[in-house]
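Coordinates in review
Here is how the chains run, residue by residue.
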Amino acid sequence: MKTYKNSRGVVGNFSYDDLRPHEKEGLITAIKKGATRREVMGWMMAAGATVATAGSVFTGASAAFAATPKRGGKIIAAGDQHGPKDTLDPILNTAAIDYFRGRMFYNKLVRLKDDLSWEPDIASEVIPNADATNWTFKLRKDIEWHNGKTLDADDVIYTLERHLGKDTKSNGKALVSMIKDIHKVNKHEIMLHLDSPNADLPMALGTFHFSVVQNGVDKFDTAIGTGPYKVKEFKPGVRTIGVPFANCFSGAGYLDEIEHYGIGDPNARLAAFLNGDVDMMVNVDPKAIPEVEKAEGKDIWTVESGRYLSIVCHQGVDPSNNRDLIRAMQLCINRKRIVKGDLKGMGSLGNDQPIGSAYFDHSKDLEQRPLDLEKAKYHFNKSGVGNTEVEIIAAEVAPGAVAQCENLQREAKKIGMNLRVKKVTTDGYWGAVWMQGSPFNVTTWNMRPTANIMLTLAYASSSKWNETFWKSDKFDNDLVAVRGVTDAGKRKQMYHDLQEDINMNGGSITPAHLNYTDGAASYVKGLTFCPLNNFGGAESPPYLWRSDA
């Protein structure tokens, strides 16, 4: 009998990872067919392996078998909101439920990983020039659309052009506004010419709005994508169902069916999860975490993030454009109580600007704004608002979203501020309330791959999502300029100044950053941990599978 050796030809103690690919495959196949630990170890020891080696290899092979995705079964995922404006058009994506759907059906040029680095997806190679003003994207040649056509450069050019120009409806247009022109090199290669350096461009193109769509498609009652699932059913405000796309180039998409819909009430969503009516749920209330952890077969799926809660102060209308009123409100909010009490420690203090400690370019030198009722009263009296009612429209768009308003209301009452919290449902909130002209309303933002992308989306004057309607030419210019800065000290100072500008002059009351804390049944595998959204950054759909399938 041939002596058993590892991949380097050495007899002795080694592990499963040292085996050749065909050896690993043979062991996993044997275990699939019911081979026991005793049998596998007997075979290996007869071939010359030591007892320790045989045991180690069996353990490794068993773990690999347990982690090998199985095809089949169905998973139902419950979001926290849906409405009539639900869309399959990537450029119009607004809410977490849109992002999850998009990852079911589409791919992007690059994919963002759990550590916020990126890797090619539809692109096979991404090549910048020395100063990041020209970017070449070489495309894979084996990608098929759901309708049988083959993807080529014209599809990618069409996708990118939908984000450009003054008439675009894209929610992500500010992230690619520096693209000056797009050159088709050949059928599977394009070059982007920028009017200013942008080293963050691939990370921007890996975010939710830049899913690649087929050339010429302008109706999105269904999704013609290249992703692991095809649309079986899409009913805005009701549900979405996907079934496997057998010819997906990535080979992912393990479920027979994946269904996604929203349950706006957090208690009803939790009950559906604990009762087994859904397999996954977003935004487990921090107070309910112990209940989930005690439930058999239910797990908490949490990811630390720069996601944040905020109260939006519209800078274009009264009274939310009153600088002294904003400062009084910022000084009235008890941030520590929100993080420790309402979020049960599943987050960190916010400082009235979006770049928390999870970001590489977070400024540690920016002084934390405290609860200070004396200073708050000074600014409130200076505002001249007096006893006039100040209304905040609040929906539970994220854990703590309503609680932050009630926290502010309690403290504001102590200085004579007449603050009213108007509670509304999450269903349709982003279309009916957010950015629809109300002076004060709640918001929540997912983390973005870089500070520049986050600041651009939420605060650049040209951004479609500039929810506070705050405009500053200096801020806009510095935000563009810092993209090309390579000197570490200068870059750090510029990002500090940008964060301080929002903290002092912007229209946001941002008390807390919070983790993504979702729930998943124990049999749900393939979880991702990208910190940009619920359900593992909305990156999980291609990789989800059931261990009991």
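Scroll up to find the structure this text is about.
Reference entry: report on the structure contained in this document.

Next up on the list: helix 16 (residues 488-505). Here helix 16 contains 18 residues, and its C-alpha end-to-end distance of 26 Å stays within 8% of the 26 Å for a straight helix at 1.5 Å per residue. Buried within helix 16 we find Met494, Tyr495, His496, Leu498, Gln499, Asp501, Ile502 and Asn503. Of the surrounding elements, those touching the buried residues of helix 16 are helix 9 (323-332), helix 14 (451-459) and helix 15 (473-481). For helix 16, the side-chain oxygen to backbone nitrogen distance between the N-cap and Gly489 is 3.2 Å, and the N-cap itself is Asp487.

Here we take up the nonpolar core. Membership of the largest hydrophobic core comes to 104 residues, with the highest contact counts inside it found for Leu109, Phe137, Leu192, Met329, Ile392, Met417 and Tyr429. No other element matches helix 14, which puts seven residues into this core. The residues touching Met329, leaving out its near neighbours within four places in the chain, are Ile392, Leu408, Met417, Leu419, Phe440 and Ile509. Ranked by size, the runner-up nonpolar core spans 26 residues in total, among them Val282, Trp301, Val303 and Phe535.

Pairing within the open sheet is mixed, and its seven strands lie in the order 8-9-10-1-11-19-12. Because the sheet does not close on itself, it has two edges, and the strands there are strand 8 (229-235) and strand 12 (298-303). By the bridge criterion, two bridges tie strand 11 (residues 280-281) to strand 19 (residues 516-521) in an arrangement that is antiparallel. From the neighbouring strand, Met280 faces strand 19, where its bridge partner is Ala520. Across the sheet, helix 4 (residues 96-105) is in contact with strand 1 (74-79), strand 8, strand 9 (239-244), strand 10 (257-262) and strand 11; its angle to strand 9 comes to roughly 20°.

Proximity of charged atoms lets side chains of opposite charge pair with each other. Applying the stated criterion to the full structure yields 24 salt bridges. The salt bridge partner of Arg111 is Glu119, with a shortest N-O separation of 2.8 Å. Glu391 is the partner of Arg420 in a salt bridge, and the nearest nitrogen-oxygen pair spans 2.2 Å. Of this pair, Arg420 sits in strand 16 (residues 419-423) while Glu391 sits in strand 15 (residues 390-394), and the two are 29 residues apart along the sequence. The partly exposed category is assigned to Glu391, whose relative accessible area is 27%. Through salt bridges with shared partners, a single ionic network connects Lys74, Lys232, Glu233, Lys235, Arg239, Glu257 and Glu259.

On to unusual backbone geometry, then. Note the cis peptide between Asp318 and Pro319, where omega equals -5°. Within the secondary structure, Pro319 is located in the loop between strand 13 (308-313) and helix 9. Positive phi, close to 60°, is recorded for Asp352, a residue that is not glycine. Structurally, Asp352 can be placed in the loop between strand 14 (347-349) and helix 11 (373-383). Notably, Phe469 is not glycine yet its phi reads approximately 55°, a positive angle. Structurally, Phe469 is set in the loop between helix 14 and helix 15.

On to the side chain of Asp98. As for its placement among the helices and strands, Asp98 is situated in helix 4. Owing to a relative accessible area of 3%, Asp98 belongs among the buried residues under this scheme. Apart from the residues lying within four places of it in its own chain, the contact partners of Asp98 are Asp86, Thr87 and Asn93.

Let us now look at the side chain of Glu259. Relative to the helices and strands, Glu259 is located in strand 10. Taking the relative accessible area as the measure of exposure, Glu259 reaches 6% and is therefore buried. Ignoring any residue separated from it by four or fewer positions in sequence, one finds Glu259 in contact with Lys74, Ile75, Ile76, Ala77, Arg239, Thr240 and Ile241.

This brings us to the packing of helix 14 against helix 16. Running from amino to carboxyl end, helix 14 crosses helix 16 at an angle of 30°, the nearest separation of the two axes being 12 Å. If you check the angle between helix 14 and helix 16, you find them roughly parallel. Of the two elements, helix 14 crosses helix 16, and the hand of that crossing is left-handed. Here helix 14 contributes Ala451, Asn452, Leu455 and Tyr459 to the contact with helix 16, which in turn contributes Tyr495, Leu498 and Ile502. Residues of the contact of helix 14 with helix 16, tallied by class, amount to six nonpolar, one polar and no charged.

A word on the environment of Pro197. For Pro197, the location among the structural elements is in the loop between strand 7 (189-194) and helix 6 (201-205). Note: C-alpha distance between Pro197 and Val480 (283 residues apart in sequence) is 8.5 Å. If we ignore the near neighbours within four places in the chain, the residues touching Pro197 are Asp131, Ala132, Thr133, Arg483 and Gly484.

Reading across from one edge, 4-5-7-6 is the order of the four strands in this open sheet, with antiparallel pairing throughout. Since the sheet does not close on itself, it has two edges, and those belong to strand 4 (123-128) and strand 6 (179-186), each with one partner. When strand polarity is set aside, the average angle formed by the axes of neighbouring strands in this sheet is 20°. In terms of strand pairing, strand 4 meets strand 5 (residues 134-139) through five bridges, oriented antiparallel. By the bridge assignment, Pro128 is partnered in strand 5 with Trp135. On top of the sheet, helix 5 (residues 153-161) reaches strand 5, strand 6 and strand 7; it is set at about 175° to strand 6, its chief contact.

Moving on: the pairing of strand 13. A large share of strand 13 lies buried, amounting to six of its six residues. Where burial is concerned, the two faces of strand 13 agree: the one with Tyr308, Ser310 and Val312 and the one with Leu309, Ile311 and Cys313 are both buried. Judged from the six bridges that link them, strand 13 and strand 17 (residues 440-445) form a sheet pairing that is antiparallel. In the sheet register, Leu309 faces strand 17, and the bridge partner there is Thr444. Inspection of the sheet shows strand 13 paired to strand 18 (residues 508-514) by four bridges, in the antiparallel sense. In the strand pairing of strand 18, Val312 is matched with Ser508.

Analysis parameters
- Sequence order sets the numbering: in each chain, residues are counted from 1 along the sequence as written.
- For this predicted model, a pLDDT threshold of at least 70 governs which residues receive local features, and a threshold of 80 or more governs which side-chain atom pairs are given and counted, while totals over whole chains, interfaces and linings are taken from all residues.
- Heavy atoms from the whole structure form the basis of all side-chain values; hydrogens and water molecules are not counted.
- Elements are defined by DSSP. Helices are runs of H or I of four residues or more, strands are runs of E of two residues or more, and each kind is numbered from the N terminus.
- Every helix has an expected span of 1.5 Å times one less than the residues it contains.
- The buried label goes to any residue with under 20% of its type's maximum accessible area, the exposed label to any with over 50%, and the partly exposed label to all in between, with areas taken from a 1.4 Å probe on protein chains only.
- A contact between two residues is defined here by any heavy atoms of the two lying within 4.5 Å.
- Polar contact criterion, stated in full: a pair of N or O atoms within 3.5 Å, where within protein one must be able to donate a hydrogen and the other to accept it, and residues adjacent in sequence count only if both atoms are side-chain atoms.
- For this analysis, a nonpolar core means a set of buried residues of the types Ala, Val, Leu, Ile, Met, Phe, Trp, Tyr and Cys, connected via side-chain atoms within 4.5 Å.
- Strands are treated as partners if at least two bridges between them are detected by DSSP.
- Note on geometry: axes are C-alpha line fits, over the in-contact stretch for helices, and angles between N-to-C directions span 0 to 180 degrees.
- Salt bridges, as used here, are contacts in which a Lys or Arg side-chain nitrogen is within 4 Å of a carboxyl oxygen on Asp or Glu.
- Convention used here: angles under 35 degrees read as roughly parallel, angles over 145 as roughly antiparallel, angles from 65 to 115 as roughly perpendicular, and any remaining angle as oblique.
- Rotating anticlockwise by less than a right angle from the far helix to the near helix defines a left-handed crossing, while the corresponding clockwise rotation defines a right-handed one.
- Basically, the charged four are Asp, Glu, Lys and Arg, the nonpolar ten are Ala, Val, Leu, Ile, Met, Phe, Trp, Tyr, Cys and Pro, and anything else, Gly included, counts as polar.

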